[in-house]
There are 4 protein chains.
Amino acid sequence: MKEKDEKNTFQIRTDLAIEAREMIGEKQENADVEPKGVQVETQEGECYTLTRVRIVNKAGSEAMGKPMGEYITIESQKLKENAVDCHEVIIQLLADQLRKLAQPKEKDCILVAGLGNWNITPDALGPKVISRILVTRHLQGCLPEEIEGTVRPVAAISPGVMGLTGVETGEIIKGLVEKVKPTLLIAIDALAARRSSRINATIQMSDTGVAPGAGVGNKRMELNQETLGIPVIAIGVPTVVDAATLVNDTMDRILASMISQTKEGSSFYQMLQDLEQEEKYTMITEILDPYTENMFVTPKEVDAVIDRLSNIIANGINIALHPGITMEDISKYS
Amino acid sequence: MKEKDEKNTFQIRTDLAIEAREMIGEKQENADVEPKGVQVETQEGECYTLTRVRIVNKAGSEAMGKPMGEYITIESQKLKENAVDCHEVIIQLLADQLRKLAQPKEKDCILVAGLGNWNITPDALGPKVISRILVTRHLQGCLPEEIEGTVRPVAAISPGVMGLTGVETGEIIKGLVEKVKPTLLIAIDALAARRSSRINATIQMSDTGVAPGAGVGNKRMELNQETLGIPVIAIGVPTVVDAATLVNDTMDRILASMISQTKEGSSFYQMLQDLEQEEKYTMITEILDPYTENMFVTPKEVDAVIDRLSNIIANGINIALHPGITMEDISKYS
Amino acid sequence: MKEKDEKNTFQIRTDLAIEAREMIGEKQENADVEPKGVQVETQEGECYTLTRVRIVNKAGSEAMGKPMGEYITIESQKLKENAVDCHEVIIQLLADQLRKLAQPKEKDCILVAGLGNWNITPDALGPKVISRILVTRHLQGCLPEEIEGTVRPVAAISPGVMGLTGVETGEIIKGLVEKVKPTLLIAIDALAARRSSRINATIQMSDTGVAPGAGVGNKRMELNQETLGIPVIAIGVPTVVDAATLVNDTMDRILASMISQTKEGSSFYQMLQDLEQEEKYTMITEILDPYTENMFVTPKEVDAVIDRLSNIIANGINIALHPGITMEDISKYS
Amino acid sequence: MKEKDEKNTFQIRTDLAIEAREMIGEKQENADVEPKGVQVETQEGECYTLTRVRIVNKAGSEAMGKPMGEYITIESQKLKENAVDCHEVIIQLLADQLRKLAQPKEKDCILVAGLGNWNITPDALGPKVISRILVTRHLQGCLPEEIEGTVRPVAAISPGVMGLTGVETGEIIKGLVEKVKPTLLIAIDALAARRSSRINATIQMSDTGVAPGAGVGNKRMELNQETLGIPVIAIGVPTVVDAATLVNDTMDRILASMISQTKEGSSFYQMLQDLEQEEKYTMITEILDPYTENMFVTPKEVDAVIDRLSNIIANGINIALHPGITMEDISKYS
């Protein structure tokens, strides 16, 4: 999870491209008009919705506050449940989309990195995925016959977080990339969302790399083609809502609901309209319990759900990377 | 943690007597007037505040929505930090208060129960305390010399939750009480608070037993003198805020702040004044993300803090129960 | 695992009926003649060997040092490996044998108990099985439609060990049995074997209950029809070899091998022949590193194997107990 | 822990210099004569024995089968127990010896690496130590006042094992060393000993680096001045005895004991004398249960003891590295 900037606590925090898109919509006359440089297409699956957001130029990147590239989002409330059939559908979907996005050449060596702090349950998604990745780079020529030739070299690591190691995650990854010389990095991370409904019910995959603390003034080294010299695919799941974001959103909805219940032109209506963002923030700082700033909102069963999600993502990656591995095999090697 | 009733999600949820007292104050002309049948005294320590709430009659019990008895609350932000010196002060304080409240006779056998679900981090406080209790009931006559005669018989159990065992926690405890025949039960549980500031910064101890789901229409068996036939001391720490409670509180504060900023007599002022609870709840149901209902607010570092808190409570209990055990010894046996 | 008696450390320790049978064979002229009152039949499966030992009278019970009853042993080296296909065969076999042995009536409530210390990896088998049991006793009438009517009431508990709770495992179980009133107890426990080859490669199931410390002078309360008033099925897996047992066995084999390599009638041959058990034990006490007494032998990968075994046993139990649950379902609910 | 070579299973396995020294003694006329190029001095502490073995030239290195350098061994049965007072003595001793051996310059940055597999209890010592190291490299200028200026930059990592990451431990460490540029590496690892009595009761520290698989034909990259370009201090604790080593040792002791009980000159005596190593090994291969090869001997309470040992070693390192940190502070920051 990314640290939030202390300066402006009340900016809405989301790592999801689809929510960035939503927020633009909220500020527009017509929510459905795509901002310039942004393309969005949606497709419904039997138990999921897939949304593809493409940011094709600088204008789109600025509007969205995210780097140019492709963002694929898979949404399904079933991700939270013990719904094995739907999970198998999503594992296969994830594998197909990942293969399309990464297009790894046969025999290419790939490094998978699980970002985040294994001591903080909702941040432990990355490390938990790593524990289920089929690691093969060290098995050159000594693989069990039934999978020999059907697997590519894969390495995997959980670099931890700076508070645990004293070292920038980026430095550890870069050092490893220089030794292992993979042709692709796949980075898994836990994300923050704006809407509780998306927590543990959304998987985002992008070819833009991971920008820890992007847009919140945090200077941490990004993991992308530029910094590492190889393409970086990021896969993430929102596991928390920032408590301050929840409060802020609640306030917006209360005001909106009041407005809708008020006669237009009435002084009350006017007064509500006049409430500027700035005033709203001052109001929140007055009323918000300061301790809430360091808190997040997460579902009671987060521990079990993170286990399930890490299994889905790890198996999706295992199938995508190893040509010979199919849905039937995963249980045997993952 | 106690399940909340689905019917009226928006009643403010708190297991703390001091917050129940606060809420009465908010509805009164004068917040400082104690409700009938309730006595409150506060004392400041070097790194903590101790509040003693006594509910002395039916009237007080109804006003507070809690059983008659004594509620001791220790508050300290240092509980969250790695502040060893302050923790030692609080361990000793906890031990003294517990001894006063329980007044166990020498050699009496005491059962300690850690309630809650060990698979859900903020609910795992009880089981974690149990893992640090100095258990001695089975050591009759075979204790290491240096502690022989200085310890009383103590048994400890983590009964789990109904979802894990299929059995009411109360049934398991009652069955065990009938076999072990202790003269006192000490039950540790994770609680819900209304204020984020109190999360992991408050320890409540009471002689009223534990009433799972009290006041939220939940029919679970209570653990108290009546049901078990022995006195029950409850020790708890609020580890979460109910997300709906946070939203509801935020709304109240927003309205209060708007009122304070509005000219008295203005139609806006009137309108705000007229907002009935009921309307407010309807408004919230309209605006509240349904998924938020099943979520809670907890600090990022909850895993580490729960470890620290369970250590403090376990050591407080170890010192209180074993006459020969002092602060110096605890590290050796806990 | 059962404590061993300090008096005679060097008696060979095994909890397996098939090894008790072997040891009788070693002392007989003809190893293949069954002792009186003991019936043994063996059947080969596609990836396992099943051995059924029946002790039908007192004579057999004394000869074997085990209570009268039926002991079913499933042996397969594949149990240690990640061999999903064979595991599914054994899960089904386990379920069939358990149903035959227990013959539970429809709707009967059954209690499953996971014995052992969850803090000691090779002793944590029982508690790990419990974490995977489909617990349903508390769901009367509120089961998901797809399984309603297909499941029986099942409760599950891990009582811990006396060192953790201060209470006899038997007391905890008896107290619970009196509350829950099940018609059958299924107890899972980690066992000790004599042969390294059987570690984590053997599942023993019997209708004789569990006798902790049986035959090693330990007075712990047994779990059986007599003590609990209901039938008790025990399921166990040997996870360790007692280090002293390994040393003792090694010595016997060395002597045997020397004898076989020695000219009959030679003084050396005579001398070896004359070595009495007693002398052997004295010799061992002289040469055995005393620290070895408290040690056990276990495979490096014990942590992963125990996970796998607990999954196999839990699923076998889930299928045996819930008429509507099949191999296809288990992954969904276990 | 180091993999053992499949070729010659029965060579005695030990990672301890003092045991290498012992084995030379056993083959000599006079056990007390030091081999050429090896200096040994011993000193008794209040609750420990410290042995310093110096290998000063090639001859010594070959005789011992270990690289030239200094090996400091701290032995205390109290290390296994919950003996806080003795542990504090050993923590301070460890800190003093480590400072002498490493002589780190003020402000030098130091990297601590915890080798081993965190999924295998007796191999998890290194990773557990890392979780307790006071990591400060990332806190330049933002340290809490009370420790600012009293701590040096320290980074820490648990690189895992090749089976988990697909990457050589040495490659990961080398990559990190090139980024972090420390002036010293401290590597913690679990070891194998020959004598059960030394398990979890011995700490070895040396300035010779870590040579995974040294002397067992294993080609893994060593961690030392030569491979990393910085000095490497290795700290290890034997947590297992190789089961085959235990069997082999037992056999030697049995034969020795038989010899001692036999009339010199008798044919039996002669025969025992004539038993060559080679024959012994053949005999063992005949009698040894093959499954024993992959097993190790470890104490029942290994999980708890490893926790305690990792705390002792981590605190010793914290005090040695941070000039301002004393015994009193450790509990606060470790």
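Coordinates for the structure precede this section.
Now for a quick tour of the structure. Numbering of residues starts from 1 in every chain and runs along the sequence as written. Each chain is given a letter, starting from A, and each ligand a number, starting from 1, according to the order in which they appear as written. Per-residue local features are limited, in this predicted model, to residues with pLDDT of at least 70; the limit for side-chain atom pairs, both in listing and counting, is 80 or more; totals at the level of whole chains, interfaces and linings are taken over all residues. Hydrogen atoms and water are omitted, and side-chain values are computed over all heavy atoms in the structure.

## Topic: the overall build of chain A
At step 1: Only DSSP runs of H or I with at least four residues qualify as helices, and only runs of E with at least two residues qualify as strands; both kinds are numbered from the N terminus onward. Each helix and strand counted, chain A has twelve helices and nine strands in total.
At step 2: Per-residue burial for chain A yields a buried fraction of 60% across its 334 residues.
At step 3: Accessible area of chain A: about 13,300 Å², with a carbon and sulfur share of 49%. Relative accessible area decides the class of each residue, using a 1.4 Å probe on protein chains only: under 20% of the type maximum gives buried, over 50% gives exposed, and in between gives partly exposed. Surface accessibility follows the Shrake-Rupley procedure with a 1.4 Å probe radius. Residue values consider only the protein chains on display as shielding.

## Focus: the pairing of strand 2 (residues 49-55) of chain D
Every regular strand shows the same layout, with side chains that alternate between the two sheet faces.
Residues and elements named next belong to chain D.
At step 1: Of all seven residues in strand 2, six are buried, a share of seventy percent or more.
At step 2: The pairing of strand 1 (residues 38-44) with strand 2 spans seven bridges and is antiparallel. By the bridge assignment, Thr-42 is partnered in strand 2 with Thr-51.
At step 3: Count of turn residues in the strand 1/strand 2 antiparallel hairpin: four residues.
At step 4: As judged from the seven bridges shared by strand 2 and strand 3 (residues 69-75), these two strands associate in the antiparallel manner. Looking at the pairing, Ile-55 lines up with Gly-69 of strand 3. We treat two strands as partners when DSSP finds at least two bridges between them.

## What about the packing of helix 3 (residues 84-102) of chain A against helix 11 (residues 302-321) of chain A?
When two helices pack together, their arrangement is given by the angle between the helix axes and by the axis-to-axis distance.
All names here are of chain A.
At step 1: Note on geometry: axes are C-alpha line fits, over the in-contact stretch for helices, and angles between N-to-C directions span 0 to 180 degrees. One can describe the packing of helix 3 onto helix 11 by two numbers: an axis separation of 8 Å at closest approach and a directional angle of 45 degrees. Classed by the angle they form, the pair helix 3 and helix 11 counts as oblique. Crossing of helix 3 over helix 11 shows right-handed handedness. On helix 11, the residues touching His-87, Ile-90, Ile-91, Gln-92, Leu-94, Ala-95, Leu-98 and Arg-99 of helix 3 are Arg-308, Ile-312, Ile-313, Asn-315, Gly-316, Ile-317, Ile-319 and Ala-320.
At step 2: Residue type decides the class: Asp, Glu, Lys and Arg count as charged, Ala, Val, Leu, Ile, Met, Phe, Trp, Tyr, Cys and Pro as nonpolar, and the leftover types, Gly among them, as polar. Among the residues forming the contact of helix 3 with helix 11, the class breakdown is ten nonpolar, four polar and two charged. An angle below 35 degrees is treated as roughly parallel, one above 145 as roughly antiparallel, one from 65 to 115 as roughly perpendicular, and anything else as oblique. Each crossing is labelled by how the near helix is turned from the far one, with a counterclockwise turn of less than a right angle marking it left-handed and a clockwise turn marking it right-handed. Contacts were defined at the residue level, with two residues in contact if any of their heavy atoms lie within 4.5 Å.

## Some thoughts on the packing of helix 6 (residues 169-180) of chain A against helix 6 (residues 169-180) of chain D
At step 1: With their axes 8 Å apart at the nearest point, helix 6 of chain A and helix 6 of chain D run at an angle of 125 degrees to one another. Judged on the interaxial angle alone, helix 6 of chain D and helix 6 of chain A are oblique. Our pair here, helix 6 of chain A against helix 6 of chain D, has a crossing hand that is right-handed. Of the residues in helix 6 of chain D, those touching helix 6 of chain A at Glu-171, Ile-172, Lys-174, Gly-175, Leu-176, Glu-178 and Lys-179 of chain A are Glu-171, Ile-172, Lys-174, Gly-175, Leu-176, Glu-178 and Lys-179 of chain D.
At step 2: Per-class residue counts for the contact of helix 6 of chain A with helix 6 of chain D are four nonpolar, two polar and eight charged.

## Describing the side chain of Asp-108 of chain D
Residues and elements named next belong to chain D.
At step 1: Tracing the chain through its elements places Asp-108 in the loop between helix 3 (84-102) and strand 4 (110-114).
At step 2: Buried Asp-108, no salt bridge; nearest opposite-charge side chain is Lys-105, N-O distance 4.5 Å.
At step 3: For Asp-108, the side chain forms a polar contact with the side chain of Thr-183, separated by 3.2 Å.
At step 4: When neighbours within four sequence positions are excluded, Asp-108 is seen to be in contact with Arg-152, Pro-153 and Thr-183. Under the convention used here, Asp and Glu are negative, Lys and Arg are positive, and both His and the chain ends fall outside the count. Between Lys or Arg on one side and Asp or Glu on the other, a salt bridge is scored when a side-chain nitrogen of the former is within 4 Å of a carboxyl oxygen of the latter. Under this definition, polar contacts are N or O atom pairs within 3.5 Å; protein pairs additionally need one hydrogen-donor-capable and one acceptor-capable atom, and for neighbouring residues in sequence, both atoms have to be side-chain atoms.

## Structural notes on the state of the cysteines
All names here are of chain B.
At step 1: The criterion for a disulfide is a pair of cysteine sulfur atoms lying within 2.5 Å. All chains considered together, the criterion is met by four disulfides over all chains.
At step 2: Disulfide pairing places Cys-47 opposite Cys-86 at an S-S distance of 2.4 Å. As the torsion about the S-S bond is roughly 85 degrees, the Cys-47-Cys-86 disulfide counts as right-handed. In this pair, Cys-47 sits in the loop between strand 1 (38-44) and strand 2 (49-55) while Cys-86 sits in helix 3 (residues 84-102), placing the two residues 39 residues apart along the sequence. The burial state of Cys-47 is the same as that of Cys-86; both residues are buried.

## As for the pattern of salt bridges
At step 1: Scanning all chains against the criterion turns up 57 salt bridges over all chains.
At step 2: Notably, a salt bridge pairs Arg-52 of chain A with Glu-70 of chain A, separated by 2.8 Å at the nearest N-O pair. Of this pair, Arg-52 of chain A sits in strand 2 (residues 49-55) while Glu-70 of chain A sits in strand 3 (residues 69-75), placing them 18 residues apart in sequence.
At step 3: Glu-34 of chain B serves as the salt-bridge partner of Arg-21 of chain B, at 2.4 Å between the closest nitrogen and oxygen. Linking Arg-21 of chain B in helix 1 (residues 17-27) with Glu-34 of chain B in the loop between helix 1 and strand 1, this pair joins segments that are 13 residues apart in sequence.
At step 4: Residue classification places Glu-34 of chain B among the partly exposed residues on the basis of a relative accessible area of 32%.
At step 5: Three or more residues joined by partner-sharing salt bridges are found here, namely Glu-19, Glu-22, Glu-75 and Arg-198 of chain A.

## Digging into the environment of Ile-317 of chain B
All names here are of chain B.
At step 1: Counting through the fold element by element, Ile-317 comes out in helix 11 (residues 302-321).
At step 2: For the pair Ile-317 and Ala-256, spaced 61 residues apart in the sequence, the C-alpha separation amounts to 43 Å.
At step 3: Leaving out residues up to four positions away in the same chain, Ile-317 has contacts with Leu-98, Val-112, Val-129, Ile-133, Ile-186, Ile-188 and Ile-235.

## Section: the environment of Leu-125 of chain B
All names here are of chain B.
At step 1: Within the element layout of this structure, Leu-125 appears in helix 4 (residues 125-130).
At step 2: Look at Leu-125 and you get buried, because its relative accessible area is 0%.
At step 3: Not counting chain neighbours up to four residues away, the residues in contact with Leu-125 comprise Ile-188, Asp-189, Ala-190, Val-237, Ile-306, Leu-309, Ser-310 and Ile-313.

## Some points on the nonpolar core
At step 1: Nonpolar core, defined: a set of buried Ala, Val, Leu, Ile, Met, Phe, Trp, Tyr and Cys residues in which side-chain atoms within 4.5 Å join the residues together. Val-112, Ile-133, Ile-186, Ile-203, Ile-235, Ile-313 and Ile-317 of chain D are the most contacted members of the largest nonpolar core, which totals 45 residues.
At step 2: Among the elements that line this core, the one with the most residues is helix 11 (residues 302-321) of chain D, at eleven residues.

## Concerning the side chain of Arg-198 of chain A
At step 1: Residue placement: Arg-198 of chain A occurs in the loop between strand 6 (184-193) and strand 7 (202-206).
At step 2: Here Arg-198 of chain A is in contact with Leu-16, Ile-18, Glu-19, Glu-22, Glu-75, Ala-193 and Pro-238 of chain A, once residues within four sequence places are set aside.

## So, helix 6 of chain D
At step 1: Look at helix 6 of chain D: 16 Å from first C-alpha to last across twelve residues, which is about the 16 Å you get at 1.5 Å a residue.
At step 2: Most of helix 6 of chain D sits inside the fold, with nine of its twelve residues counted as buried.
At step 3: Among all positions of helix 6 of chain D, only Thr-169, Gly-170, Glu-171, Ile-172, Ile-173, Gly-175, Leu-176, Val-177 and Val-180 of chain D are buried.
At step 4: In this structure, the buried residues of helix 6 of chain D make contact with helix 6 of chain A together with strand 4, strand 5 (154-157), helix 5 (162-165), strand 6 (184-193) and helix 7 (225-228) of chain D.
At step 5: Of the residues flanking the end of helix 6 of chain D, it is Lys-181 of chain D, one or two places downstream, whose phi is positive at about 50 degrees. Each helix should span, by expectation, one fewer than its residue count multiplied by 1.5 Å.

## With respect to the pairing of strand 7 (residues 202-206) of chain C
All names here are of chain C.
At step 1: Across the five residues that make up strand 7, a large majority, five, are buried.
At step 2: Of the two faces of strand 7, both are covered, the one formed by Thr-202, Gln-204 and Ser-206 as well as the one formed by Ile-203 and Met-205.
At step 3: Bridging between strand 3 (residues 69-75) and strand 7 involves five bridges; their strand directions are antiparallel. Note on strand 7: the bridge partner recorded for Tyr-71 is Ser-206.
At step 4: Inspection of the sheet shows strand 7 paired to strand 8 (residues 232-242) by three bridges, in the antiparallel sense. Looking at strand 8, one finds that Gln-204 is bridged to Gly-236.

## Observations regarding unusual backbone geometry
At step 1: The phi dihedral of Lys-107 of chain A is positive, around 75 degrees, even though this residue is not glycine.
At step 2: Residue Lys-181 of chain C is not a glycine yet carries a positive backbone phi of 55 degrees.
At step 3: Looking at the secondary structure, you find Lys-181 of chain C in the loop between helix 6 (169-180) and strand 6 (184-193).

Coordinates in, geometry out; function isn't part of it.
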